[in-house]
Amino acid sequence: MALLFAVAAVSRAQAQSPGPTPMPTPTPTPNPTASLTPTAIGSALSAGSTVANLGSNFLERLGNQATSGFGKALRSNPAGGGASENTEAPRFRSWAEVYGLSATTGPLSYFAGDRRRTYGGVAGVGARIAPGVNAGISVDQSHTAIDIPLALQSATLDLTQFGFNASVDKGPWTWAVALVHGFGKVNSSRDTGFGLATAGYHARLDGALSELSYYWSIDHSRIVPKAAFEYVRASTGSLQEIGGLDPLMASGAVAERARLLIGAEIGRYWIFDQKILDLSAYGKFVDNVAQNFGAVTVSLGTQSIAVQGIGESRYGADAGASASLSLSNTARLYLNYDGKYRAAMQSHQGTLGVEFKW
């Protein structure tokens, strides 16, 4: 009996004594989202820069058509060396080109760097509308693949550009203007680690170029100093990602650039078997006198950050070469190389074209 009373007392004591105080469950503290960083929007920054650069490329090709030393030689003396300058030149011309472009931009602070591959085609028509006055219109359709491997991002850009160029010859002087208007669609993809976050948005550009050149000939050789002013304005629309982990929103952005290009073309042509072979090369010093690559505001829920766009270094250089074979006074084949060299960016473009006159 005493044993039973002792066991009962111990049991009552255990029942009445409080157990270990339960630890309160901590309230989860939200951690900063790794996706909301400047690198998360790298493809949008690259796309905006690419639109501006493609606009510049098209403008400068249009300007070069108008101030090309070989083109001026044919306009002044269409039948080649020794022919009379009064020989009537064909009044109309048409041309078609295919081109490929490879460009890279190195890492720039928060931007991880990119690789871009562009393929495109151009078709145009032109006319001599008065003695010494020429004009033309053309369209450029291109597809660009953008790869940012260090940020696990990629994008494609399909861009259509309409161009107009005109030139006026006055003795050895040529003044040319070129205008470009373009629009396109960007599709981006970002690997979030839990699937791909994708987005689609629009882009557009407008640009103008004015170029002055002086043609100095020595027998069949020439030196053509040139100076040009170029302005380009490119814009990209806002985007909303879908899919993946923590899809982002981003505002649209506007990029503007004005620059001076000063350089010269040197060349020489040979006549054989009623054909004309012309070889030329050029070099230009580039001064980006004004650049305004607007910031992109990136949002995730209630969080947002502003990321500055990507511009070029202020100073740079352009260089290129061309080979042209005139099969007759109405048909010509040509091959061009154009290179652009900046502090953190380089691009190389090859163009194959054909021109017909009538």
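Please read all numbers here as calculations on a predicted model, not as lab measurements.

Parameters at a glance
- Residues numbered from 1 in each chain as written.
- Predicted model: local features only at pLDDT ≥ 70, side-chain atom pairs only at ≥ 80, totals over all residues.
- Heavy atoms only, no water.
- Helix = DSSP H or I, 4+ residues; strand = E, 2+ residues; numbered from the N terminus.
- Polar contact = N/O pair within 3.5 Å; in protein donor to acceptor, adjacent residues only side chain to side chain.
- Buried < 20%, exposed > 50% of the residue type's maximum accessible area, 1.4 Å probe, protein only.
- Expected span 1.5 Å × (residues − 1).
- Salt bridge = Lys/Arg side-chain N within 4 Å of Asp/Glu carboxyl O.
- Core = buried A, V, L, I, M, F, W, Y, C linked by side-chain atoms within 4.5 Å.
- Pairing = 2+ DSSP bridges.
- Contact = heavy atoms within 4.5 Å.
- pLDDT = per-residue confidence, 0-100.
- Patch = residues over 30% accessible without salt bridge, like charges linked within 9 Å, V, L, I, M, F, W, Y side chains within 5 Å.
- Areas by Shrake-Rupley, 256 points an atom, 1.4 Å probe, with all protein chains shown as cover.

## Focus: the side chain of aspartate 318
Here is step 1 of the chain: Within the element layout of this structure, aspartate 318 appears in strand 15 (residues 315-326).
Here is step 2 of the chain: At a separation of 3.2 Å, a polar atom in the side chain of aspartate 318 contacts the side chain of lysine 340.

## Concerning the environment of leucine 54
Here is step 1 of the chain: Positionally, leucine 54 belongs in helix 2 (residues 42-67).
Here is step 2 of the chain: Exposure remark for leucine 54: the relative accessible area of 6% places this residue in the buried category.
Here is step 3 of the chain: In sequence terms leucine 54 and leucine 205 are 151 residues apart; their C-alpha atoms lie 9.4 Å from each other.

## Observations regarding helix 2
Because an α-helix packs 3.6 residues into every turn, residues spaced three or four apart end up facing the same way.
Here is step 1 of the chain: If you check helix 2, its first and last C-alpha atoms are 37 Å apart, about what 26 residues at 1.5 Å a residue would give, namely 38 Å.
Here is step 2 of the chain: Of all 26 residues in helix 2, 24 are buried; the element is thus mostly enclosed.

## Here we look at the pattern of salt bridges
Here is step 1 of the chain: Considering all chains together, one arrives at 21 salt bridges under this definition.
Here is step 2 of the chain: Note that arginine 259 is salt-bridged to glutamate 312, the shortest N-O span being 3.1 Å. Within this pair, whereas arginine 259 is found in strand 11 (residues 253-272), its partner glutamate 312 is found in the loop between strand 14 (303-307) and strand 15, the two being separated by 53 residues in sequence. Across the pair, exposure class does not vary: arginine 259 and glutamate 312 are buried alike.

## A closer look at the nonpolar core
Here is step 1 of the chain: Ranked by size, the top nonpolar core spans 42 residues in total, and within it Ile41, Val186, Leu239, Val296 and Val298 carry the most contacts.
Here is step 2 of the chain: Counting only elements with at least two residues in this core, the list comes to helix 2, strand 1 (92-105), strand 3 (133-148), strand 4 (153-170), strand 5 (173-191), strand 6 (196-214), strand 8 (221-236) and strand 13 (296-300).
Here is step 3 of the chain: No other element matches the nine residues that helix 2 contributes to this core.

## Examining the sheet that holds strand 14
Here is step 1 of the chain: Overall, antiparallel pairing links the four strands, which are arranged 9-10-13-14 in an open sheet. The open sheet is flanked by strand 9 (239-240) and strand 14, the only strands paired with a single partner.

## Let's talk about unusual backbone geometry
Here is step 1 of the chain: The backbone of serine 109 sits at a positive phi, close to 50°, despite the residue not being glycine.
Here is step 2 of the chain: If you trace the backbone, serine 109 turns up in the loop between strand 1 and strand 2 (114-130).

## A closer look at the pairing of strand 5
Here is step 1 of the chain: Where strand 4 lies against strand 5, 18 bridges are found, and the strand directions are antiparallel. Of the residues in strand 5, the one forming a bridge with alanine 155 is serine 188.
Here is step 2 of the chain: The antiparallel hairpin formed by strand 4 and strand 5 contains two residues in its connecting segment, where glycine 171 sits at a positive phi of about 60°.
Here is step 3 of the chain: Here strand 5 runs beside strand 6; their pairing, made up of 19 bridges, is antiparallel. In the strand pairing of strand 6, leucine 179 is matched with alanine 208.
Here is step 4 of the chain: Taking the residues that link successive antiparallel strands as the turn, the strand 5-strand 6 hairpin has four residues, and the phi of glycine 193 there is positive, at about 90°.

## Digging into the pairing of strand 15
Here is step 1 of the chain: By the bridge criterion, 12 bridges tie strand 12 (residues 275-293) to strand 15 in an arrangement that is antiparallel. Bridge assignment links aspartate 278 to a residue of strand 15, and that residue is serine 324.
Here is step 2 of the chain: The pairing of strand 15 with strand 16 (residues 331-341) spans 10 bridges and is antiparallel. Directly across from serine 324, in strand 16, lies its bridge partner tyrosine 334.

## Observations concerning the environment of glycine 244
Here is step 1 of the chain: Take glycine 244: it is sitting in the loop between strand 9 and strand 10 (249-250).
Here is step 2 of the chain: On the basis of relative accessible area, glycine 244 is assigned to the partly exposed category, the value being 34%.
Here is step 3 of the chain: Put simply, glycine 244 and serine 189 are 55 residues apart on the chain and 9.9 Å apart in space, counted from C-alpha to C-alpha.
Here is step 4 of the chain: Once you skip the residues sitting within four places of it in the chain, glycine 244 turns out to touch Thr192, Phe194, Gly195, Leu196 and Ala197.

## Describing the confidence of the model for the protein
Here is step 1 of the chain: Put simply, the protein has an average pLDDT of 88, and 86% of its residues get 70 or more.
Here is step 2 of the chain: Considering only residues more than four positions removed or in separate chains, one finds that residues 27-34, a stretch of pLDDT under 50, has three contacts.

## Quick word on a nonpolar patch on the surface
Here is step 1 of the chain: Judged by side-chain polarity, Val168, Trp173, Trp175, Leu212, Tyr214, Trp216 and Ile218 come together as a nonpolar surface patch covering roughly 680 Å² of accessible area.
Here is step 2 of the chain: Within the residue set of the nonpolar patch, elements represented by two or more residues are strand 5, strand 6 and strand 7 (216-218).
Here is step 3 of the chain: With respect to the helices, strands and loops of the structure, tyrosine 214 is situated in strand 6.
Here is step 4 of the chain: You can call tyrosine 214 partly exposed: its relative accessible area is 31%.

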